[in-house]
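# Understanding the architecture of this molecule
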Amino acid sequence: MGRLQGKAAIITGGASGIGMAAAQMFAAEGAAVAIADLDQQQASDAAARIQEAGGRAIGIAVDVMDEESLADLVNASVQEFGRLDVMCNHVGGSNPRKDLDVLRLDLEEFDRTMQLNVRSALLGCRLALPHLIDVGGGSIINTASVGGLAGDYMQVAYGTAKAAVIRMTQYVATQYGAQKVRCNAVAPGAVMTPALQNNLSAEAIDKIRSHNALPFIGEPEDIAAAMLFLASDESRYITGQTLVVDGGMTSHHAIAEDRRIQPD
Ligand SMILES: NC(=O)c1ccc[n+]([C@@H]2O[C@H](COP(=O)([O-])OP(=O)(O)OC[C@H]3O[C@@H](n4cnc5c(N)ncnc54)[C@H](O)[C@@H]3O)[C@@H](O)[C@H]2O)c1
């Protein structure tokens, strides 16, 4: 029996990258999956590929910046599958050309970033909660980032927003644990997705890799596997946590690189 047999899930940003990998894994483990994305065509294509592989999925258009659109998504998914057990608030990001250091940050980009990452996840939780409570409990997974765990020289809006996602996750876990709703976050490090490849040069990606404890950059499936664990009943006693999946990028102090002794 699949690890998510009989469950229904929504994944926002499910048409690409990590979200798509999670949708495929969830479906392969028996879940019915609503792939929700700004890009309706890509969402439908991703759903079709799951159906071809024998899974159950639908593609739904959503703009997580818009509350009404998110409400329509949740309603459409519950109507289609009859229930909701897992809500993945996965969409996020910021524009690194505008999201700079504090002095040079574009304030409109700050507001947009908070809305895209924090407000959308809060709304996703709020809209999913009544349905999760209806089925006797469920799992919410918010996508954070290692950017939310420590400071950096750029992307202050993104880091601040992801830190808020991590804390908001604890509030939801605290407030709805009694109804058996679990709420956890995943904090990916660098992952080979279109978002990463579009925003960073090959040289910059290689630089990041050199700071991982493990000698490679993760694939979308590495994060999706953590999401699957948090979605499944295997994690039934885990809530309010942030699962860092970063190849060991944050396993060491910044000074560790300077102390590294090269083999002879
Ligand atoms: N890729 C990484 O290295 C990395 C690292 C840390 C955290 N993350 C987080 O993972 C999440 C997604 O990253 P990914 O790598 O899977 O990205 P991706 O670019 O591969 O996919 C993002 C998807 O979200 C959709 N989307 C964008 N804006 C939307 C909106 N307003 N409404 C609905 N859908 C929208 C896009 O159409 C796209 O399909 C984000 O929260 C990001 O911050 C990624």
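Here we summarise the structure given alongside this text. All values derive from a computational prediction rather than experimental measurement.

### Brief notes about the pairing of strand β1 (residues 8-12)
Counting buried positions along β1 yields five of five residues, so the element is predominantly enclosed. Two elements, β1 and strand β2 (residues 32-37), share five bridges in a ladder whose sense is parallel. Looking at the pairing, Ile10 lines up with Ala34 of β2. Traced from β1 through helix α1 (residues 17-28) to β2, the parallel crossover comes out right-handed. With three bridges joining them, β1 and strand β4 (residues 86-89) adopt parallel strand pairing. Residue pairing for β4: Ile11 is matched across the bridge by Cys88.

### Re the site of the ligand
Surrounding the ligand, one finds 29 residues, the nearest of these being Ser16, Asp37, His90, Tyr158 and Thr193. One of the backbone N or O atoms of Leu38 is found 3.2 Å from a nitrogen atom in the ligand. Between the ligand and Val62, the relevant distance is 3.5 Å, taken from a nitrogen atom to a main-chain nitrogen or oxygen of the residue.

### Let's talk about α1
Relative to the 16 Å expected for 12 residues at 1.5 Å per residue, α1 spans 17 Å between its end C-alpha atoms, a close match to the ideal helical length. Turning to α1, its buried residues number three or more, namely Gly17, Ile18, Gly19, Ala21, Ala22, Ala23, Phe26 and Ala27. Trailing α1 by a residue or two, Gly30 shows a phi angle of about 100°, which is positive.

### A closer look at the layout of surface pockets
Of the voids in this model, the second largest pocket is the one considered here, and its volume is about 370 Å³. Lining the second largest pocket are 19 residues, with Gly138, Lys180, Arg182, Asp233 and Arg236 sitting closest to its centre. Elements with a contribution of two residues or more to the lining of the second largest pocket: β5 (138-143) and β6 (181-188). Of the residues belonging to the lining of the second largest pocket, the class tally is six nonpolar, six polar and seven charged.

### Description of the sheet that holds β2
Read across the open sheet, the seven strands follow the order β3-β2-β1-β4-β5-β6-β7; overall the sheet is parallel. On the outer flanks of this sheet lie β3 (56-61) and β7 (242-245), each paired with one strand and no other. Averaged over all pairs of adjacent strands, the angle between their axes in this sheet comes to 15°, without regard to strand direction. Of the strands in this sheet, β4, β5, β6 and β7 touch helix α8 (residues 220-231), which is tilted by about 170° from β6.

### Describing a negative patch on the surface
Taken together, Asp63, Asp66, Glu67, Glu68 and Asp72 make up a surface patch of like negative charges. Summarising the element assignment, Glu67 is placed in helix α3 (residues 67-81). Judged by its relative accessible area of 36%, Glu67 is partly exposed.

The rules behind each value
Residues numbered from 1 in each chain as written. Predicted model: local features only at pLDDT ≥ 70, side-chain atom pairs only at ≥ 80, totals over all residues. Heavy atoms only, no water. Buried < 20%, exposed > 50% of the residue type's maximum accessible area, 1.4 Å probe, protein only. Helix = DSSP H or I, 4+ residues; strand = E, 2+ residues; numbered from the N terminus. Pairing = 2+ DSSP bridges. Right-handed = clockwise from strand over helix to strand, strands pointing away. Near = heavy atom within 4 Å. Polar contact = N/O pair within 3.5 Å; in protein donor to acceptor, adjacent residues only side chain to side chain. Expected span 1.5 Å × (residues − 1). 1 Å grid on protein atoms, 1.4 Å probe; cavity = no way out; pocket = protein on both sides within 12 Å on 5 of 7 lines; lining within 4 Å. Points joined across faces, edges and corners; volume = space filled by probe spheres on them. Nonpolar A, V, L, I, M, F, W, Y, C, P; charged D, E, K, R; others polar. Axes fitted to C-alpha atoms, helices over the stretch in contact; angles between N-to-C directions. Contact = heavy atoms within 4.5 Å. Patch = residues over 30% accessible without salt bridge, like charges linked within 9 Å, V, L, I, M, F, W, Y side chains within 5 Å. Areas by Shrake-Rupley, 256 points an atom, 1.4 Å probe, with all protein chains shown as cover. Salt bridge = Lys/Arg side-chain N within 4 Å of Asp/Glu carboxyl O. Lys, Arg positive; Asp, Glu negative; His and termini not counted. Charge placed at Lys NZ, Arg CZ, Asp CG, Glu CD.

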